[in-house]
Every structure is written in C-alpha cells, then in structure tokens.
Amino acid sequence: MNGDTGSENAAARPGPRTLAEDLRARGDEAVVALLRARPDLVSPVPNDLTQLATRAGTRASVLRALERLDRFVLQTAEALAVAPDPCPYEALLALMTGDEGLEPGDPGPVAAALPRAVGVLRDNALVWGGDDRLTLVRTARDLLAPSAAAPSPTGLGPTVAEATAGMSPGRLQEILADAGLPATHDPVSAVAALAGLLSDRAGLRELLAAAPDGATAVLDKLVWGPPYGEVTGASEPVRAATATTPVQWLLARGVLLPAGPRNVVLPREAALSLRGGRAHREPLPVPPPLEVAAAHGPATADATAAGQAFGAVRTVEELLKSWQTGGPAVLRAGGLSVRDLKRTAVELEVPEPVAAFWLELAYGAGLLASDGEVDEVYAPTPAYDEWLRLPPQERWTRLVTAWLPATRTPGAVGARDAKGRALAALGPGLDRSLAPEVRRRVLELLASVPEGAAPTADSVPARLRWEWPRRGAGPDDTLSRLVRWTLEEAESLGVTGRGALASFGRDLLDGSAERAAARLRPLLPEPLDHVLLQADLTAVAPGPLMAPLAEFMDTAAEVESKGGATVYRFTPGSVRRALDAGRTADDLHAFLAAHSRTPVPQPLTYLIDDVARRHGRLRVGAASAYLRCDDDALLAEILADRRASGLGLRRLAPTVLASRTDPAALLERLRGMGFAPAAESAEGDVLITRADAHRTPPRAAPVPVPDGPAVPDDRLLAAAVKAIRAGDRAATAVRGPAGERRAVPRTSSAETLATVQAAVLTGDPLWIGYVNAEGAATQRVIEPVRVEGGYVTAYDHTTDEVRTFSLHRITGTAELTNETP
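Just so it is clear, the structure is predicted and the values come from calculations on it, not from any experiment.

As a further point, take the overall build of the protein chain. Looking only at helices and strands, the protein chain features 33 helices and 25 strands. The C-alpha radius of gyration of the protein chain comes to 39 Å, more than 25% above the 28 Å expected for a compact globule of 821 residues. Here the protein chain holds 821 residues, and 47% of them are scored as buried. In the protein chain, of all internal contacts separated by at least 6 residues, the share reaching a separation of at least 24 is 66%. Accessible surface computed for the protein chain: about 39000 Å², of which carbon and sulfur atoms make up 54%. For the protein chain, the separation between the mean place of its 88 positive charges and that of its 102 negative charges on side chains is 3 Å.

Take a look at the structure:
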C-alpha cells in the first residue's frame, strides 16, 4: 500500500499503542480531519488528545460516525471487525478481495478503492496504527462484529473459540479425533487446533472430500449467511462412527458446531475458508451510477419548472387567502384535523398529501401560524402581507429557501407515531432531522447529470443507500421515503421540471437566491391588467392578474375553474360581498369597464344594479340584534316567513324588528333567505367588512431540528486544535532527565518566583500547576514574559493568549526539558 494511508516515517519509530498516541504522531492535520468528520467532538473542546480519543471511542459518538460512512468504507470496517486485532493491511486486502479463482471477477477496483476507505476510517478515528497494525477501535468492533443478537452484513458467524465456549473438554477431544487431529492436553490448545484446521483451506478441502452427499449443499446454504441453521438434536454429542446424516457428519468433525438445542452454526474460520477468504459476498467499491430515464433538454426542463414554480406561488397565495378571515381550529394536541385537511384539499383541488405539503410549506416559510387566541385558529401572519408585495420570482425563492433546510416532512402526515397516534398536518412529530441533508444531496445528484437529463426513480435512492447505508435504515426505510418525498416536492415547487434540475434550481443549490430569481423572472408569465367579460356572467383571465385586479376579482366574483386561464363567475352573493367591502355600484361599473377588453355585458350591469338597489335596505345592529328598514312591508314579509321562526323576531316599531339572535348569525340567516342585509354601527353607519381582516401576531418560522452539531468552520477548528495541542503539551510533556511522567511538583513560593524569573530571561516554557479563583486546579504550559507586583504575565498555550497569573495561586513549576511534539 502506498503512503496515503500511513506516515512515511512510521518505520523510523515505534508504532502508536493507543488512539491518542496515533493522533499525536500524525500531527494537527489528523486532529483537524477528525474534528471536521465528527463535529460532535468539538463542543466542549477536549482538554487534550487523550480526552479527545476517549470521547471519540464512546458508543454514541462511534454510532454517529458509522452512520456517515459509505457502503465500501463500512464494508472495510466490517472486515476489520472479523479480522485479527491488529490486522496488517495485506490481510485486510485479502479479506476484501479473496481468491481470484473463487468467482470470476477483477479485484482491481477493490484494491484501488481500499486505501481511500482506510484513510476515511483513520480520519474518523475508527482505525489507528500503521499499515502493519491496523486497529479498529474497540467500540466499533463490538458494534460491527457478528453475534447471534446482531448479525453482521458479512454473514459470518462466531469464531470457533466463541462457538465452543462452555463445551466440555472431553467433547472437544472427540471432535479433534473425528477430524483426524491429534489429541491435546487442554481445551485452549484443542480449540486452537480445530480453528487451525478450519482456517487451512487445503486441509478443510481434504476433509470435505470424504463428506457424504448433501453435506456440500448444507454448507452452501450457510456459507454466505445467515450462518445459523435449525436441526433437531443439535446439542446432542455425535461421533463420526454413528453419524447418519450430512449435518451429523459435519457436527462430528467440528465443521458445524451446536448453537443451542435446535440450532447449529458455521464457524467463522470455516466460512472464510469456503468463501476463499472473502468477508463480503459482493464488495461495492464504487457507487451505483445514476441512470438517465429521459433527456429533455435544458430549455424544456426550465420551462416546465417555471410553470410549476408559478403554480406553487399561486397555490400558496390561494390557500392563505381562503384562511384570511380565520382558518380552521387548532387541535388540542396541535395541528389540523383530518376533516379540515380534507376540506382544504377539496378547495385546492389536490390530493390530501399534496394539500399537507402546501400547508407545511407556508408554515415553514413563516406565512401561516396559529393566532394564539382562546379559541385558537390558523391564520396568515404579518409576513404574508410582506410576501404578497414581492414579485413572483422572489416569492418563489422565499418558499424554496424555507423548504431546503426544513426538518418538517409533510409526507409523514397520516402516519403513526411511537404511541400509535396519527400525525396531523401542522402538528408535532413531523420533524425528521435527516431531511435537509437528503434534500440537498438529492439535488446535488440531479445536478451531477447533464442539464435537462432526468435520472430514473430507482437510481437516486440506490445511490443514497450506497452513500449512507446505516442512515435512515430500519423497517420503515426512512431514507428511501425521504428521497421519494424530496423528488415529489421538488417537482411540485418547480425546482425540477420533468424530473430534471432546472437552471435556477442549480443556482439555489449554490446558495444564490438572487441569481435564481433573476434567472426565473423571464420564464414567468407577465401579469395582466385586463379580463374578458362574457354574456353568461363569467369573466376569463387569460393569465395571472396584477394585484389590484386580482384582489377585485376575488372579492366581486367566484372562481369557477383554474388552469392556464381562470374563469370567474359573478353571482348575487359575490356582488353583495363587493358592496359589503365598501364599493358602490358606480365603482363596480367603472372598474369593470376600465379592465375589460370586451364591452360590459348587459346582464352583468343589471345584476350589479339589482343587488345594489336591494343592498342595505335591511340594517342589522346589536340589541341582542335589531332589524331596521324603511319599507315596513318588507319587515312584515320577514315576520310572516316560516324560515324566520327561529330568529325570535318581534316588532318594536313599524320600521324596526328586534331579535334574540346575535347580529352575525342574523346576517347569515337573512342572506340565506335571499335578502341582502347590511350590518350597521351604533351610530347607524353601514359597517364595511373586508376579507383580509384577520392576522396572527408576529410569528417566527419553525426552527429546524438539526441532525447533530454543524461542521465547524476553519476558524473554530484552528482554535480547537490549538487548545487541544496546548492541553496535550501540558499533559504529556516529559520532565527531567529520567523522562518520568508525574504531576506538577509542589514548589515553595521562593522556588516558584526564582523559576519564573529565570524563564523570563531564557524564554523557556514552563509547566505549572494553577488554582483559579473558583478553586479549580489545572495544569498549563506558559512562556513567562514579565514578573512584577506578585503577578506573572505569560503566553498561555492552552488558551492561545497572553494572560496574567497570580504568583500565590501557582502550586508548582517544572521546566519542559524534552517536550513531546
């Protein structure tokens, strides 16, 4: 192996005996690589390399490190877990490639990729030592080694020593005799002799040459795993002379060993010999390629994605506009009820999972939240008004930049949590900390294929399963589901078009939202300032409308159909809504005439005039409620109407009726009866109602739940390495000519002062013991600069700064005569 996996001068000095010594010998670059690969080790900063190595060997930290290994690096670690400890590089290579003649194939890619795999394991402090002594850290070996409770992906079983633990010495001697081996004097040597036979491929081949028919078939079923088989009477001793079945023949000679009353196991040594020395059936040194399903061309992909992006902005706007007067109620446990989700899906004309995605997108962008009132409901936030004022391309970038780092996953809506409760849209339990990294990696993979090309639906999750085999693994296959959701959501948002990453999606991936918005802008349709009025009381908007016209049409008409063109229908109710909002009949006539490319149809003119003539003749105010009208005949008609029986109406005057119903309910009942009442204030003025009255107090967008600490930047890494090296320098320096390692010696005040003053003159560093104001004792390496007034000013290697120390707090000093580098 070349020098990429070990130090060039490793042979010049004794190899390291611990992980800390290995890090110390490899220098600052190794520490920086470790802290960058495993950011959970950075905070709090370890005191020295020994503490760093100890923390890197904890179970939680090792598990997190293993989750970030790709398939081949993980296979390398699994091979080391079944190899002798320590393992030479040549033995590891043999485990990864096996015999070339076992199965036709070229081991070249495996041999070429193995140095990188060992280097990654070293950078993650999962392996240490030179190429002649590769040592897998103990915790990783315990996690990856095969066991009955946790089978290994290698398919290997326990060693002979592990499988025969508890077996009687007499039974061991019987197995040796039936296998043709000489007797031994103790169980340890017996186990070693049997393991040696099973590890010797030629000897095992010679032994199996005399096996009865069927023995080879039994071994073929176990050799690649699982190594356990079920058989009756497995624990009963059997001799070669009395064996009647292939399994008994193998048990008598130790090729199979009992693993319980009804189970047998193929020992690891035998499996490796039968495999030709290979730890894995199929080593995977290179990632699976991304297969292209279709190549549409960059222009087609961009045009399709731009249409999706524009639709995404309109959908979010339509959703929040429908909730402006107060949306659905918030469940007691948080979130949206199933009934309200269905109703929202019907209004948006999309399936329920898609409706949940738009809700979560608006919530993640900070445009939607609960209002926090006693009867809590969902409503747009003040940020929604700011968002509406932005151009469409900037509205889109706001949505996508909120989607990329979000940990909430709308695809999980409707699933069950650990307690069996259904997960609700906008509710708790939807955070998946892996989601942001999956989204970014999926988009990076889409960006790696030619522009306009769309990978197949299976190749993207297959690639991520190779890159992160242990992340998201489990019965629910979280990783594959996150990949599928990402591809679907990216298409809905317009980040991709026909499965290909759009050019402005690439800009977002590079972190340039401004460039993405600028690239998207010419691809979006220009807003129109006109509609086409038709004689059947409909209006056609052939494209997106400018904000004032769109607001008017949403108030004065009902949306009948959506698509490339939107069809509105004018109804008595919609015209009354416009009049309630403060417009007059003349305003409606003038606005329509100014914004229609066709003449205003006569039926629409008649409809507006008719509704306006009747609008406000009835006035509803608060008594509980009263009804006022200058036409007493109209009031008499209402009193005689059976549908008004539940309103508790009684006449107070010829033109006034009182009601036991509150004004809002009275307005709705009268409108349902076909009248056009108007609400009035205590002063008798008509109350103007607007659809955009309700907003929540200012709300912050939900904070993503991170998947562990972020990778530290270069500045933080440099500071952490300096602190670790300084602490290590104090902890591992060799003091005195004998080279003994000991605690800082206690010195008197006079000795301390004399030593410090001498160091000021010579410029030599000192090793000191120091007790701070809180009484905490520490060891430091300092370079004294000045001594005066009972204080020493010195450069502190631990904190990498000049500090002042009180002489009376220094418990002892020693010279650093031979420092460890």
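Additional details are given in the paragraphs that follow.
Time to look at the nonpolar core. Membership of the largest hydrophobic core comes to 92 residues, with the highest contact counts inside it found for Leu 35, Leu 52, Leu 92, Val 255, Leu 256 and Leu 266. Sorting elements by how many residues they give to this core places helix H5 (residues 71-82) first, with eight residues. For Leu 52, the contacting residues outside a window of four places in its chain are Leu 23, Val 31, Leu 34, Leu 35, Leu 41, Pro 46 and Ile 724. Of all hydrophobic cores here, the second largest spans 67 residues; its members include Leu 319, Leu 445, Leu 482 and Ala 502.

Let us now look at unusual backbone geometry. With an omega of 0°, the peptide bond running from Asp 85 to Pro 86 counts as cis. Residue placement: Pro 86 occurs in the loop between H5 and helix H6 (89-97). Residues other than glycine seldom take positive phi values, yet Glu 349 does so here, at roughly 60°. The residue Glu 349 is located in the loop between helix H17 (338-348) and helix H18 (352-364) in this model.

Helix H23 (residues 478-493) packs onto helix H20 (residues 392-403) with a crossing angle of 170° between their chain directions and a minimal axis gap of 11 Å. When the axes of H20 and H23 are compared, the pair comes out roughly antiparallel. Only Thr 486, Glu 489, Ala 490 and Leu 493 of H23 make contact with H20, whose side of the interface consists of Trp 396, Val 400 and Trp 403.

Further remarks concern the pattern of salt bridges. A side chain of one charge can pair with a side chain of the opposite charge when the charged atoms of the two come close. Counted under the stated rule, the structure contains 40 salt bridges. Between Arg 68 and Glu 437 there is a salt bridge, with its nearest N and O atoms 3.4 Å apart. Residue Arg 68 is located in the loop between helix H4 (59-67) and H5, and its partner Glu 437 is located in helix H21 (residues 435-448); the two are separated by 369 residues in the primary sequence. The class for Arg 68 is partly exposed, based on a relative accessible area of 33%. A residue is classified by how much of its surface remains accessible, and Glu 437, at 28% relative accessible area, is partly exposed.

Here the focus is the packing of aromatic side chains. Tallying each qualifying case throughout the model produces six aromatic pairs. Across from the ring centre of Trp 387, 5.3 Å away, lies the NZ or CZ of Arg 395, which sits over that ring. Of note, Arg 583 hangs over the ring of Phe 591, and the distance from its end group to the ring centre comes to 5.4 Å.

What follows concerns the packing of H6 against helix H7 (residues 108-123). With their axes 10 Å apart at the nearest point, H6 and H7 run at an angle of 125° to one another. Viewed along their axes, H6 and H7 adopt a mutual orientation that is oblique. Once H6 is placed against H7, the crossing between them reads as right-handed. Across the interface between the two elements, Tyr 89, Leu 92, Leu 93, Met 96 and Thr 97 from H6 touch Val 110, Ala 111, Leu 114, Pro 115 and Val 118 from H7. Residues belonging to the contact of H6 with H7 are distributed by class as follows: nine nonpolar, one polar and no charged.

With that out of the way, let us pick up the sheet that holds strand S13 (residues 538-541). With antiparallel pairing, four strands are arranged side by side in an open sheet as S12-S13-S15-S14. The open sheet terminates on both sides in strands that have one partner only, identified here as strand S12 (532-533) and strand S14 (558-561). Pairing geometry for S12 and S13, over two bridges, is antiparallel. Of the residues in S13, the one forming a bridge with Leu 532 is Val 540.

Pairing within the open sheet is antiparallel, and its three strands lie in the order S3-S5-S4. Lying at the two open borders of the sheet, with one neighbouring strand each, are strand S3 (228-230) and strand S4 (257-260). Pairwise comparison of adjacent strand axes, ignoring direction, gives a mean angle of 40° for this sheet. The sheet contact formed by S4 and strand S5 (residues 263-265) spans three bridges and is antiparallel. By the bridge assignment for S5, Pro 258 is matched with Val 264.

With that settled, consider helix H11 (residues 187-199). End to end, H11 covers 18 Å across 13 residues, agreeing with the expected 18 Å (1.5 Å per residue, within 8%). Residues Ala 190, Val 191, Leu 194, Ala 195, Leu 197 and Leu 198 constitute the buried set of H11. Viewed end-on, H11 has its buried residues packed into an arc of 160°, placing them on one side of the element. At its buried positions, H11 is contacted by helix H9 (160-163), helix H10 (169-178), helix H12 (201-208) and helix H15 (268-274). Residue Asp 186 occupies the N-cap position of H11, its side-chain oxygen lying 3.0 Å from the main-chain nitrogen of Val 188.

On to the side chain of Ser 273, then. Here Ser 273 is to be found in helix H15. On the basis of relative accessibility, which here comes to 11%, the residue Ser 273 falls in the buried class. From its side chain, Ser 273 meets the backbone oxygen of Leu 198 in a polar contact 2.5 Å long. Of the polar contacts made by the side chain of Ser 273, one reaches the backbone oxygen of Ser 199; its length is 3.3 Å. Ignoring sequence-local partners within four residues, the contact set of Ser 273 consists of Leu 198, Ser 199, Asp 200, Arg 201 and Leu 204.

Within the fold, Gly 563 resides in the loop between S14 and strand S15 (566-569). Using a relative accessible area of 42% as the deciding quantity, one classes Gly 563 as partly exposed. Separated by 21 residues in sequence, Gly 563 and Pro 542 place their C-alpha atoms 9.5 Å apart.

Rules used throughout
- Residues numbered from 1 in each chain as written.
- Predicted model: local features only at pLDDT ≥ 70, side-chain atom pairs only at ≥ 80, totals over all residues.
- Heavy atoms only, no water.
- Helix = DSSP H or I, 4+ residues; strand = E, 2+ residues; numbered from the N terminus.
- Rg over C-alpha atoms; globule rule 2.2 N^0.38 Å.
- Buried < 20%, exposed > 50% of the residue type's maximum accessible area, 1.4 Å probe, protein only.
- Contact = heavy atoms within 4.5 Å.
- Areas by Shrake-Rupley, 256 points an atom, 1.4 Å probe, with all protein chains shown as cover.
- Lys, Arg positive; Asp, Glu negative; His and termini not counted.
- Charge placed at Lys NZ, Arg CZ, Asp CG, Glu CD.
- Core = buried A, V, L, I, M, F, W, Y, C linked by side-chain atoms within 4.5 Å.
- Axes fitted to C-alpha atoms, helices over the stretch in contact; angles between N-to-C directions.
- Parallel < 35°, antiparallel > 145°, perpendicular 65-115°, else oblique.
- Salt bridge = Lys/Arg side-chain N within 4 Å of Asp/Glu carboxyl O.
- Phe/Tyr/Trp six-rings, centres within 6.5 Å; stacked < 30°, edge-to-face > 60°.
- Lys NZ or Arg CZ within 6 Å of the ring centre and 35° of its normal.
- Left-handed = near helix turned anticlockwise from the far one by under 90°.
- Nonpolar A, V, L, I, M, F, W, Y, C, P; charged D, E, K, R; others polar.
- Pairing = 2+ DSSP bridges.
- Expected span 1.5 Å × (residues − 1).
- Arc of directions from axis to C-beta.
- Polar contact = N/O pair within 3.5 Å; in protein donor to acceptor, adjacent residues only side chain to side chain.

By themselves, these observations are geometric and do not establish any function.
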